[in-house]
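The lines below spell out each chain.
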Amino acid sequence: MTTQMERKTTARLSDKEMEKIYRIRQRFYWEMDFISRCRERKLEEIGLCNLPYQTLPEEKKLLDLAYELYNNMEDSNTTYNVTLDLVIDEIERRIQDNRIVTAAEPPGNPRVVIIIEDGIVSTVLASDPDIQIDIIELDRNYADSELRSSTYDAALKEPGLQNCSYSLHVPGYEQEMETEVDE
């Protein structure tokens, strides 16, 4: 007794459809590499480390720009990872220069709250877990005017930092003191 096996047919795709699927997969894998490399650089503290790491997979405009930059920078004489690093460096520079606004910015301005008791910092809170907070105390008993002046000069010259308004609360006093930044 002989049995006949039915021939299974598969759907055939045109070359154009196959190319489209290939490009979609290529882009997907590139995004995975890009996001992974961004996170590696943050852990290694390479570059400016100012990307929105927590929401990076949802940052479609940023990912589109990064992919466009990658395609423009891609060169057969440069390794894949070096080109990725160059793209990340450029994205970080654009974020620093406010040429890119990320979609997932937290509502309102980022906030930092520092609680000082008797001249000692006891608590520091921030609305953004990736924000770096540097606290410099210039105690008149330990820092002369030259050291105080050079500290201000160094902070004002640091790239990416800008003067901003703040509120000073002194519980027990009736008035709240606020400062505004002159623009």
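Residues numbered from 1 in each chain as written. Predicted model: local features only at pLDDT ≥ 70, side-chain atom pairs only at ≥ 80, totals over all residues. Heavy atoms only, no water.

Peer 1: Looking at this structure, I do not really get helix α1 (residues 15-44). What am I missing?
Peer 2: An α-helical turn contains 3.6 residues, so any two residues separated by three or four positions project in the same direction. Taking 1.5 Å per residue, 30 residues should reach 44 Å; α1 reaches 43 Å between its end C-alpha atoms and fits that length. When we look at burial in α1, the residues that qualify are Arg27, Trp30, Glu31, Phe34, Ile35, Arg37, Cys38 and Arg41. Where the residues of α1 are buried, they touch α2 (60-73) and α3 (80-96). Looking at the residues trailing α1, positive phi occurs at glutamate 45, about 55°. (Helix = DSSP H or I, 4+ residues; strand = E, 2+ residues; numbered from the N terminus. Expected span 1.5 Å × (residues − 1). Buried < 20%, exposed > 50% of the residue type's maximum accessible area, 1.4 Å probe, protein only. Contact = heavy atoms within 4.5 Å.)

Peer 1: How should I be thinking about the nonpolar core in this particular structure?
Peer 2: A general feature of soluble globular proteins is that nonpolar side chains tend to end up buried together. With 20 residues, the main nonpolar core has Trp30, Phe34, Cys38, Leu51, Leu62, Val87 and Ile91 as its most contacted residues. In terms of residue count, α2 provides more of this core than any other element does, seven residues in total. (Core = buried A, V, L, I, M, F, W, Y, C linked by side-chain atoms within 4.5 Å.)

Peer 1: I keep staring at the pattern of salt bridges and nothing clicks. Help me out?
Peer 2: Oppositely charged side chains are able to pair whenever their charged atoms sit close together. The tally for this structure, following the rule as stated, stands at 13 salt bridges. Between arginine 37 and glutamate 44 there is a salt bridge, and its shortest N-O distance comes to 4.0 Å. Assessed through its relative accessible area of 13%, arginine 37 is described here as buried. Note on glutamate 44: relative accessible area 48%, which makes it partly exposed. With its nearest N and O atoms 3.0 Å apart, the salt bridge here joins arginine 93 to glutamate 90. Taken as a pair, arginine 93 and glutamate 90 lie in helix α3 at a separation of three residues, close to a single helical turn. The class for arginine 93 is partly exposed, based on a relative accessible area of 39%. (Salt bridge = Lys/Arg side-chain N within 4 Å of Asp/Glu carboxyl O.)

Peer 1: What am I meant to see in the environment of leucine 65 here?
Peer 2: Examined against the element boundaries, leucine 65 turns out to sit in helix α2. Along the backbone, leucine 65 and isoleucine 100 are 35 residues apart, and their C-alpha atoms lie at a distance of 9.6 Å. Not counting residues up to four positions away in its chain, the partners in contact with leucine 65 are Ile91, Arg94 and Ile100.

Peer 1: Is there a simple way to explain the packing of aromatic side chains in this structure?
Peer 2: Evaluated as defined, the whole model comprises five aromatic pairs. For the ring pair tryptophan 30 and tyrosine 67, a centre distance of 5.0 Å and an interplane angle of 65° mean the geometry is edge-to-face. Of the two residues, tryptophan 30 is situated in helix α1 and tyrosine 67 in helix α2; the sequence distance between them amounts to 37 residues. Each member of the pair, tryptophan 30 together with tyrosine 67, is buried. Each member of the aromatic cluster is reached from another via a ring pair, and the members are Trp30, Phe34, Tyr67, Tyr70 and Tyr80. (Phe/Tyr/Trp six-rings, centres within 6.5 Å; stacked < 30°, edge-to-face > 60°.)

Peer 1: What exactly am I supposed to notice about the pairing of strand β1 (residues 112-117) here?
Peer 2: Regular strands show a simple pattern: their side chains alternate between the two faces of the sheet. Here β1 runs beside strand β2 (residues 120-126); their pairing, made up of six bridges, is antiparallel. Within β2, the residue paired with isoleucine 116 across the bridge is valine 121. With antiparallel pairing between neighbouring strands as the criterion, β1 and β2 make up a hairpin whose turn holds two residues, including aspartate 118 at a positive phi of roughly 50°. (Pairing = 2+ DSSP bridges.)

Peer 1: Would you mind going over a nonpolar patch on the surface with me for this structure?
Peer 2: Among the surface-exposed residues, Val112, Ile114, Ile116, Val121, Val124, Ile131 and Ile135 lie close enough to one another that they form a single nonpolar patch of about 520 Å² accessible area. Within the residue set of the nonpolar patch, elements represented by two or more residues are β1 and β2. Per-element accounting of the nonpolar patch gives the leading share, three residues, to β1. With respect to the element layout, isoleucine 116 can be found in strand β1. Taking the relative accessible area as the measure of exposure, isoleucine 116 reaches 52% and is therefore exposed. (Patch = residues over 30% accessible without salt bridge, like charges linked within 9 Å, V, L, I, M, F, W, Y side chains within 5 Å. Areas by Shrake-Rupley, 256 points an atom, 1.4 Å probe, with all protein chains shown as cover.)

Peer 1: Would you mind going over the packing of α1 against α2 with me for this structure?
Peer 2: Relative placement of two packed helices is described by the angle separating their axes and the distance separating the axes. Where α1 meets α2, the closest approach of the two axes is 11 Å, and the angle between their N-to-C directions is 100°. One element, α1, and the other, α2, form an angle in the roughly perpendicular class. Here α1 contributes Gln26, Arg27, Trp30, Glu31, Phe34 and Ile35 to the contact with α2, which in turn contributes Lys60, Leu62, Leu63, Asp64, Ala66, Tyr67 and Tyr70. Class assignment of the residues belonging to the contact of α1 with α2 gives a composition of eight nonpolar, one polar and four charged. (Axes fitted to C-alpha atoms, helices over the stretch in contact; angles between N-to-C directions. Parallel < 35°, antiparallel > 145°, perpendicular 65-115°, else oblique. Nonpolar A, V, L, I, M, F, W, Y, C, P; charged D, E, K, R; others polar.)

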